[in-house]
Amino acid sequence: MASVSNPQGAIPRTMLTGAQLALVLHALGLIAVLLALVPILTSALGTTGYLVVFALYWIGFCAPVIAIHALAGTRSPRLFSEKLSRRDWFVPALLLVQVVAIAALALAPNTSLLTTPGLMLAALVAIINGPLEETAWRGGFMARFADRPRLGFWLGWLLFTAWHIPLTLSHGVIFDGGGVGLVAGAAVLGLLWNWVAWRTGSVFWVGLAHALTNIATFWVLFDRSGFV
């Protein structure tokens, strides 16, 4: 393949644009701040501190990324569309299988400890968290890295996985599979959701799958850790 000349003043392809760099630095800043805040807040406030962490995450990362990158940066009207091309009609079935599988793995061994208040809290948090995360992580990186989709795909997936690492430092919060299970689960599910979002050009279906998955996993987490 012939090399493409780089006009004077053009940004080399090995470098990120200003908007791309801002998004990556925002994500890295989030991880750094939470590495310090998560143990402090959960130690001082107990399980309430864990919920405060999520509130800060939504306000300090998800909302600004959506406003600055996912919405202002997107050129695709399909970002929130539920419509699928014929080649992607399998997507709802695939995500339904994923949701059912994760729900079964999470809920079946823990039926004796599950409560209705735990479900209600899990549903509330999940309905907020799932769509916000998908729009910020998948939507933000899809918008800002539209010209370099492969780089955006892997950077978004890596940083999405990494933001779960600070959560493993929580005091009094019991994760199924421990901290390793939390991060590994985020990596596996994040990879699937990344693939679906980038393939379809929309965060609609992954946002729905993410919220439903969170309902099941948060339900176990909240009741096992004594949130309610």
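Scoring rules and cut-offs
Residues numbered from 1 in each chain as written. Predicted model: local features only at pLDDT ≥ 70, side-chain atom pairs only at ≥ 80, totals over all residues. Heavy atoms only, no water. Helix = DSSP H or I, 4+ residues; strand = E, 2+ residues; numbered from the N terminus. Rg over C-alpha atoms; globule rule 2.2 N^0.38 Å. Contact = heavy atoms within 4.5 Å. Areas by Shrake-Rupley, 256 points an atom, 1.4 Å probe, with all protein chains shown as cover. Lys, Arg positive; Asp, Glu negative; His and termini not counted. Charge placed at Lys NZ, Arg CZ, Asp CG, Glu CD. Phe/Tyr/Trp six-rings, centres within 6.5 Å; stacked < 30°, edge-to-face > 60°. Buried < 20%, exposed > 50% of the residue type's maximum accessible area, 1.4 Å probe, protein only. Axes fitted to C-alpha atoms, helices over the stretch in contact; angles between N-to-C directions. Parallel < 35°, antiparallel > 145°, perpendicular 65-115°, else oblique. Left-handed = near helix turned anticlockwise from the far one by under 90°. Nonpolar A, V, L, I, M, F, W, Y, C, P; charged D, E, K, R; others polar. Salt bridge = Lys/Arg side-chain N within 4 Å of Asp/Glu carboxyl O.

Caption draft 1: Looking closely at the overall build of the protein chain. On a plain count of helices and strands, the protein chain comes out with seven helices and zero strands. For the protein chain, the succession of helices and strands along the chain, N to C, is α-α-α-α-α-α-α. Since a compact globule built from 228 residues should have a radius of gyration of about 17 Å, the 19 Å found for the protein chain is in line with a globular shape. Principal axes of the C-alpha set define a box for the protein chain whose edges measure 65 × 45 × 30 Å. Here the analysis covers contacts within the protein chain between residues at least 6 apart in sequence; of these, 83% occur between residues at least 24 apart. Entry remark: accessible area of the protein chain is about 11,300 Å², with carbon and sulfur atoms responsible for 72%. Each charge sign in the protein chain was given a centre, from 12 positive and 7 negative side chains, and these centres are 13 Å apart.

Caption draft 2: Inspection of the packing of aromatic side chains at higher detail. The full count for this structure, using the stated rule, is 20 aromatic pairs. An angle of 55° between the planes, with centres 5.3 Å apart, marks the rings of Tyr-50 and Phe-54 as tilted. Remark: Phe-54 and Tyr-50 occur in helix 2 (residues 47–71); sequence separation between them is four residues, near one turn of the helix. For the ring pair Phe-54 and Trp-58, a centre distance of 6.1 Å and an interplane angle of 65° mean the geometry is edge-to-face. With Phe-54 and Trp-58 both in helix 2, this residue pair falls four residues apart, about one helical turn. You can call Trp-58 buried: its relative accessible area is 14%.

Caption draft 3: Fine view of the packing of helix 5 (residues 149–162) against helix 6 (residues 178–200). Interaxial distance between helix 5 and helix 6 falls to 9 Å at its minimum, and their mutual angle equals 150°. In terms of axis orientation, helix 5 runs roughly antiparallel to helix 6. For the pair helix 5 and helix 6, the sense of crossing is right-handed. Counting all contacts with helix 5, which are made through Pro-149, Gly-152, Phe-153, Trp-154, Gly-156, Trp-157, Phe-160 and Thr-161, the residues of helix 6 involved are Val-183, Ala-186, Ala-187, Gly-190, Leu-191, Asn-194, Trp-195 and Trp-198. Of the residues contributing to the contact of helix 5 with helix 6, the split by class is 11 nonpolar, five polar and no charged.

Caption draft 4: How the structure looks around the pattern of salt bridges. With the rule as written, the count across this model stands at four salt bridges. Across the salt bridge formed by Arg-199 and Asp-88, the nearest N and O atoms sit 2.4 Å from each other. You can see Arg-199 sitting in helix 6 and its partner Asp-88 sitting in the loop between helix 2 and helix 3 (91–107), a full 111 residues away along the chain. On the accessibility criterion, Asp-88 (3% relative accessible area) is buried. A salt bridge links Arg-138 to Glu-134; the shortest N-O distance between them is 2.6 Å. Of the two residues, Arg-138 and Glu-134 are both situated in helix 4 (residues 116–144); the distance of four residues between them amounts to about one turn of the helix. By relative accessible area, which is 0% here, Glu-134 ends up buried. It is possible to trace a salt-bridge network through shared partners that takes in Arg-87, Asp-88 and Arg-199.

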